[in-house]
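Coordinate analysis (summary)
Listed here are the chains, written in short residue letters.
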Amino acid sequence: MFSYATPSGLYRFRRKRKLCSGRASAVLCGMLLAASASAGFFCLTGPSSHAMWAQQTGPAKPVVVQPGAPGQPSRTLPSSTTKATLPPRSQADVEFMQGMIMHHSQAVEMTALIRSHTESKDLRSLGARISSSQSDEIKFMQRWLAAKGEPLSMATPGMPDMDMSRQPMALMPGMLTPEQMEALRKAKGAEFDRLFLTGMIQHHDGALTMVKDLFDTAGAGQDAGVFNFATDADNTQRAEIKIMQTMLEKKPLEEKR
């Protein structure tokens, strides 16, 4: 014999089962909340949960490091100095780039004399490196000035519409005088080597002075492009000065043989 549950009995069974299931869920949630409370956090949803999470964790304070000038250490600044703003434009940056274009141009002119004035392989190799690196840097400085809407050369005092490439101008630190350049053009062989090396050391020393003057000027050298270029130029030209000094010291020995 089969027994069938009446509709009313089936309803009471289902309702009882649902209540039991609900009680079990409530007990489970209570256990989870108790465990969460003892661990120090709650699983919440909605806007209030986001606010509580942000309040508990809080944003990490950024570390601000200001790079030092060549040879100087970096320093950590207070986090309050961080702002999403670019450094103010410095006229010293513009004049440094304009002056360095003129400075580099003379160095490239000097290296162009090497092939026809000396047979020294060491000097030819050095000259090729200086010419290549400084020609590339001239292009970089020209692009930087163009992006800032600045002229590629300094204006002549009293004649703002004229540039210094067409007018008599004061030489940048270390640049060879017209008389020195003429002597270099007339020299050949060992004499040319000596004049070139002494002249280029003088030239590089002047570039180091220009970099130092830039970083000694308040507010200057903060632009990333200017800072990186000036720092690289300082490091490169210091290394090349040492190379040229070594070449000058070896020269007398070679001449005695």
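Residues numbered from 1 in each chain as written. Predicted model: local features only at pLDDT ≥ 70, side-chain atom pairs only at ≥ 80, totals over all residues. Heavy atoms only, no water.

1. Details of the overall build of the protein
In terms of regular secondary structure, the protein is built from eight helices and four strands. Once local pairs closer than 6 in sequence are excluded, the contacts in the protein between residues at least 24 apart make up 73%. Carbon together with sulfur atoms contributes 59% to the accessible area of the protein, which is approximately 17400 Å² in total. (Helix = DSSP H or I, 4+ residues; strand = E, 2+ residues; numbered from the N terminus. Contact = heavy atoms within 4.5 Å. Areas by Shrake-Rupley, 256 points an atom, 1.4 Å probe, with all protein chains shown as cover.)

2. A closer look at the nonpolar core
Counting residues in hydrophobic clusters, the biggest one holds 24 residues, and the most contacted among them are Phe-96, Met-97, Met-100, Met-141 and Phe-229. Elements that contribute at least two residues to this core include exactly helix 3 (91–111), helix 5 (121–147), helix 7 (189–216) and helix 8 (224–256). Examining the composition of this core, we find that six residues originate from one element, helix 3, more than from any other. Sequence-distant contacts of Phe-229, defined by excluding residues within four places in its chain, comprise Phe-96, Met-97, Met-100, His-104, Glu-137, Phe-140 and Met-141. (Core = buried A, V, L, I, M, F, W, Y, C linked by side-chain atoms within 4.5 Å. Buried < 20%, exposed > 50% of the residue type's maximum accessible area, 1.4 Å probe, protein only.)

3. Observations concerning the packing of helix 3 against helix 7
Running from N to C, helix 3 and helix 7 point in directions that differ by 170 degrees, and their axes come no closer than 11 Å. As judged from the angle between their axes, helix 3 and helix 7 are roughly antiparallel. Here helix 3 contributes Ala-92, Asp-93, Phe-96, Gly-99, Met-100, His-103, Gln-106, Ala-107, Met-110 and Thr-111 to the contact with helix 7, which in turn contributes Phe-196, Gly-199, Met-200, His-203, Gly-206, Ala-207, Met-210, Val-211 and Leu-214. Grouping the constituent residues of the contact of helix 3 with helix 7 by class yields 11 nonpolar, seven polar and one charged. (Axes fitted to C-alpha atoms, helices over the stretch in contact; angles between N-to-C directions. Parallel < 35°, antiparallel > 145°, perpendicular 65-115°, else oblique. Nonpolar A, V, L, I, M, F, W, Y, C, P; charged D, E, K, R; others polar.)

4. Examining the pattern of salt bridges
A side chain of one charge can pair with a side chain of the opposite charge if their charged atoms are brought near each other. Applying the stated rule across the entire model yields eight salt bridges. Among the salt bridges present, the one from Arg-194 reaches Glu-191, with a minimum N-O distance of 2.7 Å. Separated by three residues within a single helix, Arg-194 and Glu-191 lie in helix 7, roughly one turn from each other. Residue classification places Arg-194 among the partly exposed positions, given a relative accessible area of 40%. Each member of the salt-bridge network shares a partner with another, and the members are Glu-109, Glu-182, Arg-185 and Lys-186. (Salt bridge = Lys/Arg side-chain N within 4 Å of Asp/Glu carboxyl O.)

Spatial relationships are all this shows, so hold off on functional conclusions.
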